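Residues per chain are reported as follows:
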Amino acid sequence: MGTEPTADMTVEQWDSKYFEDFVNADWFKKFTSTEQNAMIHVKEELVDKPGNKIHLTLVNELIENPLGQNDLYEGSEKSVVMRDFSIEINEYGMPLKFKEFEQKKTPISLRQVNKGALQTWNKKLHRDKIIAAMTDFYGTDNVTKPLTARLINGVTVAAASETIKDEWLGLNLDRVLFGALLGNTSTTDHSASLANIDATADKLTPEAIDLMKYMAKHPTTGKPKVRPMEPRSSIDTSDGYVLFAPSLCLRDLRNNAQFQQANREARERGTDNPIFKAANYIWGNVAIYDIEEMPILTGVGASSIDVGVCKLMGAQAIGVAWGKRPKTVTKALDYDRFEGMAIMQW
């Protein structure tokens, strides 16, 4: 890949400023932290240590009933259920170059142009990988199966086969809501479940958000809850989650009469947490964000309507492991006639 000025970039026709295409750069930064309550939990141990894989240990909530004065402790012991999740690092990079002679012909700093383009590219890459982590097909039967049995190829929604989709649905029945009703789910048939979503009753509504939050807090017996990003702190508060929705789904929510009335008369102002203050909307302590890059599944619903993918997220929903933070490198090429510049990370 090369970057060279065209005739329109000469000093006669160019201003000394340049414009880059708009990119939603590193939009998920506010959700990212090394803290365990963060939605995107970052691990950096591999930056200073050898290895290409890091393991996250997630501990299930202890929900057993207490023993009383007449109960024997010995023989009644329970085991804390721990789940292992591993992240393998990979190398990602992008090299560019420009000709030193072309720099002579323009007041624009080609070094800054290339560096800015690389930084924007890298932020977009990070954003896209976060969205992919939300929407790829992975199994979550973290209680009864080892890691190798839980993984279902890690493919995108668009690329997944019907077999993969059906297997994924079987492992995630307590985490998936098709449209507005639990009854829309066909137990082992992902495509049939999507086909039950219609254009009238299955839009994104306040009731659907309430149901998603309820499902997060009340999983199938033996399965872990979706831990909130902001746990309930008093009797007059509730657990806080984040909902990412495509723009078209958010349009439907805005047009909902109940939602419109709530925003006119009793709009929730959120908490002191900046994640909630920055949200497009808040409903039931669920911070709702418009993410235009969230997947839209074309023609899969009833009467071949399009279906948007929304994600209700809690703490440690996504893990990110760094082996090397993004770094830009420059190098002289071809006897200093070209300057190369690259960004790389692990």
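Thresholds applied
- Residues numbered from 1 in each chain as written.
- Predicted model: local features only at pLDDT ≥ 70, side-chain atom pairs only at ≥ 80, totals over all residues.
- Heavy atoms only, no water.
- Buried < 20%, exposed > 50% of the residue type's maximum accessible area, 1.4 Å probe, protein only.
- Helix = DSSP H or I, 4+ residues; strand = E, 2+ residues; numbered from the N terminus.
- Pairing = 2+ DSSP bridges.
- Arc of directions from axis to C-beta.
- Phe/Tyr/Trp six-rings, centres within 6.5 Å; stacked < 30°, edge-to-face > 60°.
- Lys NZ or Arg CZ within 6 Å of the ring centre and 35° of its normal.

**Examining the pairing of strand β14 (residues 338-345)**
Remember that side chains alternate between the two faces of the sheet whenever the strand is regular.
Here's step 1: Extensive coverage of β14 is indicated by the burial of seven of its eight residues.
Here's step 2: Inspection of the sheet shows strand β5 (residues 92-99) paired to β14 by eight bridges, in the antiparallel sense. Looking at β14, one finds that P95 is bridged to A342.
Here's step 3: Relative to β14, strand β13 (residues 327-333) is paired through seven bridges, and the arrangement is antiparallel.

**Examining the environment of L96**
Here's step 1: With respect to the element layout, L96 can be found in strand β5.
Here's step 2: Overall, L96 belongs to the buried group, its relative accessible area being 9%.
Here's step 3: Sequence-wise, L96 and G340 are 244 residues apart; in three dimensions their C-alpha atoms are separated by 5.7 Å.

**Re helix α8 (residues 247-254)**
Here's step 1: All of the buried residues along α8 are C249, L250, D252 and L253. Down the axis of α8, the sector holding all buried residues measures 155°, keeping them to one side.

**Section: the packing of aromatic side chains**
Here's step 1: Scanning the entire structure with this criterion turns up seven aromatic pairs.
Here's step 2: Ring plane angle 85° and centroid distance 5.2 Å describe the contact between F31 and Y289, whose orientation is recorded as edge-to-face. Within this pair, whereas F31 is found in the segment before β1 (32-33), its partner Y289 is found in strand β8 (residues 286-290), the two being separated by 258 residues in sequence. Note on accessibility: F31 and Y289 belong to one class, buried.
Here's step 3: Measuring from ring centre to ring centre gives 6.0 Å for F244 and Y289, while their planes differ by 55°; the resulting arrangement is tilted. Of this pair, F244 sits in strand β6 (residues 241-245) while Y289 is found in strand β8, placing the two residues 45 residues apart along the sequence.
Here's step 4: The exposure class of Y289 is buried, given its relative accessible area of 1%.
Here's step 5: Among the aromatic residues, those joined into a ring-pair cluster are F28, F31, F244 and Y289.
Here's step 6: Stacked on the ring of F338, the Lys or Arg K97 has its end atom at 5.0 Å from the ring centre.
Here's step 7: Its end group placed over the ring of W346, K324 keeps NZ or CZ at 4.2 Å from the ring centre.

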